[in-house]
Amino acid sequence: GAVVSQHPSRVICKSGTSVKIECRSLDFQATTMFWYRQFPKQSLMLMATSNEGSKATYEQGVEKDKFLINHASLTLSTLTVTSAHPEDSSFYICSATDGKNTGELFFGEGSRLTVL
Amino acid sequence: QKEVEQDPGPLSVPEGAIVSLNCTYSNSAFQYFMWYRQYSRKGPELLMYTYSSGNKEDGRFTAQVDKSSKYISLFIRDSQPSDSATYLCAMKVNQGGKLIFGQGTELSVKP
């Protein structure tokens, strides 16, 4: 299957700083990428849908100024958590579709953010 | 009511047992059904992908979809300790639609 790489896998930062997480499709072009957030023992909650070259579409309740998403190329999307606070500590996962008929989603390994 | 309901478990079975994992859903428009496996601190990996009703088998895994009952199942035969993980069901209305996940069921297979 297609491979999605996410970096960093773990990051610890101080409150008030910004953190950038990268999501790359390694062997396919991803016209659409998705960003999820997952709390311990909880399901994946979709935060936003990112289309290459256009603004991301955010889910209700997700602050777009807080979670900046950029999808500048067909293989890279970034999520920046701005002015991070301890309540932003979570597991962030990206996924991508290769646009083929199956509509399958391929997930990255996730990034665990801890804000002190 | 959540769109997709899944018992979080945990579910503990002995090695070799048949495992049955289930999800119910409320949106009759869902047509694409998936099961993902997620190991601790990792991203989900796709196990099974089914369109509409019916059964699909892949090795030790069988996925069933009953749209009339709004109920999907994943069966794991001859379960192994390496199957210990969280299993998430997911579904969507159309290929490009938003994927809705269940809460996930934590499975532990004891040797």
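Engineer: Just checking my understanding: could you explain the pattern of salt bridges for this structure?
Structural biologist: Oppositely charged side chains can form a pair if their charged atoms are brought close together. Overall, the coordinates contain 8 salt bridges over all chains when judged by the stated rule. Two residues, Glu22(A) and Arg24(A), come together in a salt bridge whose shortest N-O distance is 3.4 Å.

Engineer: Where do I start with the state of the cysteines in this structure?
Structural biologist: A covalent bond bridging the sulfur atoms of two cysteines is what the word disulfide describes. If you walk through the whole model with that rule in mind, you get 2 disulfides over all chains. Shown here is the disulfide that connects Cys23(A) with Cys94(A), its sulfur atoms set 2.0 Å apart. An S-S torsion of about 80° defines the bridge between Cys23(A) and Cys94(A) as right-handed. Residue Cys23(A) is located in strand β3 (residues 19–25), and its partner Cys94(A) is located in strand β9 (residues 90–97); the two are separated by 71 residues in the primary sequence. Taken as a pair, Cys23(A) and Cys94(A) share a single burial class, namely buried. Residue Cys23(B) pairs covalently with Cys89(B) via a disulfide, S to S 2.0 Å. Disulfide Cys23(B)-Cys89(B): the torsion about the S-S bond is -100°, which places it as left-handed. On the criterion of sequence distance, the pair formed by Cys23(B) in strand β3 (residues 19–25) and Cys89(B) in strand β9 (residues 85–92) is long-range, its members being 66 residues apart.

Engineer: Even after reading the chapter, I still don't get the environment of Arg37(B), so can you show me in this structure?
Structural biologist: All names here are of chain B. Counting through the fold element by element, Arg37 comes out in strand β4 (residues 32–38). Looking at Arg37, the relative accessible area reads 13%, which means it is buried. What Arg37 contacts, discounting residues up to four positions off in sequence, is Gly43, Pro44, Glu45, Leu47, Phe61, Asp83, Ala85, Thr86 and Tyr87.

Engineer: Please explain the layout of surface pockets as it appears in this structure.
Structural biologist: One water molecule sets the probe size; rolling that probe over the atoms shows where empty space is left. As a volume, the largest pocket reaches approximately 530 Å³. Every residue lining the largest pocket is counted, 23 residues in all, and those nearest its centre are Pro40(A), Lys41(A), Gln38(B), Ser40(B) and Thr86(B). Of all the secondary structure elements, the ones that give two or more residues to the lining of the largest pocket are β9 and β11 (105–110) of chain B. Here the lining of the largest pocket gets 3 residues from one element, more than from any other, and that element is β9(B).

Engineer: Explanation requested: the pairing of β9(A) in the structure shown.
Structural biologist: The two faces of the sheet receive side chains in turn, since in a regular strand these alternate between them. Residues and elements named next belong to chain A. Extensive coverage of β9 is indicated by the burial of 8 of its 8 residues. Neither face of β9 is open: one carries Ser90, Tyr92, Cys94 and Ala96, the other Phe91, Ile93, Ser95 and Thr97, and all of them are buried. The sheet contact formed by strand β4 (residues 32–38) and β9 spans 7 bridges and is antiparallel. Paired with Phe34 across the two strands is Ser95, which belongs to β9. Summarising the sheet, β9 and strand β11 (residues 111–115) pair through 3 bridges and their orientation is antiparallel. Bridged to Tyr92 within β11 is Ser111. Bridge count for β9 against strand β10 (residues 105–107) is 3 bridges, and the pairing is antiparallel. Residue pairing across strands places Ser95 opposite Phe107, the latter belonging to β10.

Engineer: Would you mind going over the interface of chain B and chain A with me for this structure?
Structural biologist: Frequently, the measure chosen for interface size is the accessible area removed from exposure when the parts meet. The interface of chain B with chain A comprises 17 residues on the first partner and 22 residues on the second. Buried area between chain B and chain A, summed over both chains or domains, comes out near 1,600 Å², and the portion from carbon and sulfur atoms is 48%. Joining chain B to chain A, the criterion identifies 3 salt bridges. Here Lys98(B) ties to Glu59(A) by a salt bridge, and the two come within 2.7 Å at their closest N and O atoms. On inspection of chain B and its partner chain A, the count reaches 6 residue pairs in polar contact (both at pLDDT 80 or more). Secondary-structure elements contributing two or more residues to the side of chain B that touches chain A are β4, β5 (45–51) and β9 of chain B. When its residues are assigned to classes, the side of chain B that touches chain A shows 7 nonpolar, 5 polar and 5 charged.

Analysis parameters
Residues numbered from 1 in each chain as written. Chains lettered and ligands numbered in written order. Predicted model: local features only at pLDDT ≥ 70, side-chain atom pairs only at ≥ 80, totals over all residues. Heavy atoms only, no water. Salt bridge = Lys/Arg side-chain N within 4 Å of Asp/Glu carboxyl O. Disulfide = S-S within 2.5 Å. Helix = DSSP H or I, 4+ residues; strand = E, 2+ residues; numbered from the N terminus. Buried < 20%, exposed > 50% of the residue type's maximum accessible area, 1.4 Å probe, protein only. Contact = heavy atoms within 4.5 Å. 1 Å grid on protein atoms, 1.4 Å probe; cavity = no way out; pocket = protein on both sides within 12 Å on 5 of 7 lines; lining within 4 Å. Points joined across faces, edges and corners; volume = space filled by probe spheres on them. Pairing = 2+ DSSP bridges. Buried area = accessible area lost by both parts, 1.4 Å probe. Polar contact = N/O pair within 3.5 Å; in protein donor to acceptor, adjacent residues only side chain to side chain. Nonpolar A, V, L, I, M, F, W, Y, C, P; charged D, E, K, R; others polar.

As far as function goes, none of this settles anything; it's purely spatial.
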